[in-house]
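Understanding the architecture of this molecule
Residue strings, one per chain:
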Amino acid sequence: MSDKIFKTILFLTASMIPLICGGIVYALVTDAYQAFEYFGFFKFLTSSEWSYTEGNEQYGAMPFITGTLMTTLLALLFCIPFSLPVALFTGEYFKGTKIASILSTIVDLLAGIPSIIYGLWGFFTLRPIIMALNISPQGSSILTASLVLAIMIVPYAASLSAEFIKMVPNDLKESAYSLGSTRAEVVRRVIFPVAGSGIFSSYILAIGRALGETMTVTMLIGNTNAIPDSITSTGNSMASIIANQFGEADGLRLSSLIAIGLILFLITATINMIGKIMIKHSRI
Amino acid sequence: MKQNLFAMIVACLALFAISCGNKSNQNSQLSDELSGAGATFPLPFYNVIFEEYATKHKTVTAYGAIGSGGGIRNLKDGVVDFAASDAFLTDEEIKTMPEVIHIPTCMGAVVLAYNLNGVENLNLSSEVIADIFAGNIRRWNDAKIKELNPQAPLPDVEIIPVYRSDGSGTTFVFTDYLTKVSKEWEAKYGRGKSVNFPIGLAAKGNTGVAGVISNTANTIGYIGSEYAFAQKIPYAGIKNLQGEIILPSTESISKAASGEIPQDTRCSITNSDAKGAYPISCFTWILVYKEQNYSKRDKLQAETTVNLLEYILSSEAQAIAKDVHYAPLPEKLIEQCQNNLKQITYDGVQIKK
């Protein structure tokens, strides 16, 4: 009897999560509907105009989709040279040693730092450097935001990749050594092919994290509502336009912001799903 | 015996005093609670003034700084005693509501803060400001800026305008000014709480804009005066319609309202033609219904609301405004507002005598 009750309670609590998730999607879709209906779904996606003129409001998501994708992809690019060596260091070369565990603790610590602190560091330390190097006169740019984002996602990419590298079977590595391979060859020919899809998925999950990052990006990207013409110019991301403007928005503008939220939700969900599928199909 | 007599006299006097006190209390009895909602811009002023009012009259005023739009919505729903707004109701909005009385409570301004190495004083004109924010003047050593600042060592670098990324009354006042002074601005960008500025970068809130300016060389941006005065941020003097270069100060802001103000006070005072006036000044209003009998409010509540408004218009409260970096209303305007208060009624009976 008590077993049955326990089962029911478990079932109820577990079904809450999908219900809440469905509720969020439902709310996003209903509130975004006005914008999609007014502008048309594809026009809303591709229009680069974001104009508040009363009576002729024009809202399009393109500048923000571009801003989000640019910052995320650049962050990924900058993050690889840091996270991959860390993963190899802790997962293969110094596996199980004290120094590896210290390093991985520090990397994990990076994940625990609140994003506003990264934002402050970027604003007061990195921005002046960017200005001093004459990369961009105002300091705030897609590049500045991406650099800080890259540091933020290193722990996600590094610790997960390290796990996959650790899981490569010893038999495989030892048979390679017995054939006379050097360590570098083992890494290149055995570890990467075997753990490859796992490492790839860890980067996908890191992207998922970078996509939705709001505070840091808002502080560093410059918040201009136009498609950025280069990586040193200012822009705006999907998350930061919402954070900036929901306060005074109503009517069509509010609906457009929610529509951007829905698109961001869909992009993030798709990316996470790809990551999950890749993990499932990894060879380990 | 003598002592007893003395005690009795004291007791009598005390009783008399208490009864007197009671009497006067009954004459000016006020409700315990008022509620209002609206603008965030005057919040620091209202916090102090409502606190002061509470210690004087035991009336606690709950104020929700939910934005001007939200305040007006609450008044429409009849859930507050007053709404506070940085913008007066437009003619269309007035038609959708019962008659509303606008009472200005204090004044503020938008200042142009800048960060320019070696430049201590910067003078600007309406034309130059519009050109900078429209992207027509791109460099600090432009001839038009030089003409206004012959002494200043203006560098040959790009100007970086900074504006608000969030919707804001500050942006409204600033773009309202630009719309009045520049035909080009009016045609291309117009006025509003959010406006598409063509160049520069944006930051959230007065704090965000001030932060970017103080940390980025060669920037210029607009900030609410109450914030700029409190934080002592360097700001530019602006040429007004009289041709004088005026620095923003509580005095020069007050002067912007020293000209003709319409009876209902619904007007924008940017680009004021008064002498000594800072040209980007603004009012902030409290809005109350002319007929106070709504949402089953009793007469006491209505009287307390009017009493609070009278207090805000008193010289004591206006002096407090100055302490918290807002500009007081000019004498003439206060008289006008006192008269407007007389229009407020309960069941058609005038409240303020």
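Refer to the structure above for everything that follows.
Being a predicted model, the structure only gives us computed values, none of them experimental. (Residues numbered from 1 in each chain as written. Chains lettered and ligands numbered in written order. Predicted model: local features only at pLDDT ≥ 70, side-chain atom pairs only at ≥ 80, totals over all residues.)

Re the nonpolar core
How we decide: Buried Ala, Val, Leu, Ile, Met, Phe, Trp, Tyr and Cys residues whose C-beta atoms connect them within 7 Å together make up a nonpolar core. Counting other C-beta atoms within 10 Å of a residue's C-beta gives its exposure: the residue is buried at 20 or more, exposed at 12 or fewer, and partly exposed in between, where C-beta atoms are placed from the backbone. Residues are defined as contacting one another if the C-beta atoms placed from their backbone atoms lie within 7 Å.
If you look at the biggest cluster of nonpolar residues, it comprises 99 residues, and the most contacted ones within it are Met107, Leu112, Ala113, Val162 and Leu287 of chain B. Not counting the four nearest positions on each side in its chain, Met107 of chain B is found in contact with Ile253, Ser254, Ala257, Ser281, Cys282, Phe283, Tyr326, Ala327 and Leu329 of chain B. Residues Phe39, Tyr59, Ala150 and Ile165 of chain A belong to the second largest nonpolar core, which totals 63 residues.

A short note on the sheet that holds strand 8 (residues 219-224) of chain B
In a beta sheet, neighbouring strands pair by backbone hydrogen bonds and run either parallel or antiparallel. All names here are of chain B. Rule in force here: Only strands joined by at least two bridges in the DSSP assignment are considered to pair. Only DSSP runs of H or I covering at least 4 residues are called helices, and only runs of E covering at least 2 are called strands; the numbering of each starts at the N terminus. Lines fitted to C-alpha atoms define the axes, with helix axes restricted to the stretch in contact, and inter-axis angles between N-to-C directions lie between 0 and 180 degrees.
Spatially, the eight strands line up as an open sheet ordered 2-1-3-11-4-8-6-7, and their pairing is mixed. Edge positions in the sheet fall to strand 2 (60-64) and strand 7 (201-203), since each has one partner strand and no second. Adjacent strand axes in the sheet meet at a mean angle of 25°, parallel and antiparallel pairs treated alike. Pairing of strand 3 (residues 82-85) with strand 11 (residues 281-289) involves three bridges; the strand directions are antiparallel. For Ala83, the partnering residue across the bridge sits in strand 11 and is Leu287. Against the sheet, helix 3 (residues 68-76) contacts strand 1 (33-38), strand 3 and strand 11, and its axis sits at roughly 160° relative to strand 3.

Considering the interface of chain B and chain A
Defined as follows: Lys, Arg, Asp and Glu make up the charged group, whereas Ala, Val, Leu, Ile, Met, Phe, Trp, Tyr, Cys and Pro make up the nonpolar group; the residues left over, Gly among them, are polar.
Contact with chain B, which involves 18 residues of that partner, is made by 21 residues of chain A. For the side of chain B that touches chain A, the element with the most residues is strand 7 of chain B, which contributes three residues. In the side of chain B that touches chain A, the residues fall into five nonpolar, nine polar and four charged.

A word on the environment of Ala109 of chain B
Residue and element names in this part refer to chain B. With respect to the helices and strands, the residue Ala109 is situated in strand 4 (residues 100-115). Along the chain, Ala109 and Thr250 lie 141 residues apart, while their C-alpha atoms are 9.0 Å from each other. Other than its neighbours up to four places away in sequence, Ala109 contacts Ser225, Pro248, Ile253, Tyr278, Ile280, Ser281 and Cys282.

Describing unusual backbone geometry
Residues and elements named next belong to chain B. A positive phi angle is found at Lys58, which is not glycine, with a value near 60°. Tracing the backbone through its elements, the reader meets Lys58 in the loop between helix 2 (43-57) and strand 2. Even without being a glycine, Asp347 presents a positive backbone phi close to 55°. Mapped onto the elements of the fold, Asp347 is located in the loop between strand 12 (345-346) and strand 13 (349-350).

What about the sheet that holds strand 10 (residues 245-246) of chain B?
Residue and element names in this part refer to chain B. Ordered by their spatial adjacency, three strands build an open sheet running 5-9-10, and the pairing between neighbours is mixed. Two strands close off the open sheet at either side, each with one partner strand: strand 5 (123-124) and strand 10. With two bridges joining them, strand 5 and strand 9 (residues 237-239) adopt parallel strand pairing. Counterpart to Asn123 in the pairing with strand 9 is Gly237.

Let's talk about the packing of helix 3 (residues 62-93) of chain A against helix 6 (residues 142-166) of chain A
Residues and elements named next belong to chain A. Where we set the bar: The crossing is said to be left-handed when, going from far helix to near helix, the turn is anticlockwise and less than a right angle, and right-handed when the turn is clockwise.
As a packed pair, helix 3 and helix 6 sit with axes 5 Å apart at the nearest point and diverge in direction by 40°. For the pair helix 3 and helix 6, the sense of crossing is right-handed. Classifying every residue of the contact of helix 3 with helix 6 gives 22 nonpolar, seven polar and two charged.

Quick word on the packing of helix 4 (residues 98-112) of chain A against helix 6 of chain A
All names here are of chain A. Convention followed: Any angle that is under 35 degrees is reported as roughly parallel, and any over 145 degrees as roughly antiparallel; angles of 65 to 115 degrees are reported as roughly perpendicular and all others as oblique.
At a closest axis distance of 8 Å, the pairing of helix 4 and helix 6 adopts a crossing angle of 140°. As the angle between them shows, helix 4 and helix 6 are arranged oblique. Seen along the crossing, helix 4 lies across helix 6 with a hand that is left-handed. Across the interface between the two elements, Ser104, Val107, Asp108, Leu110 and Ala111 from helix 4 touch Val154, Pro155, Tyr156, Ala158, Ser159 and Ala162 from helix 6. Tallied by class, residues from the contact of helix 4 with helix 6 come to eight nonpolar, two polar and one charged.

Just geometry here; none of it tells us what the structure is for.
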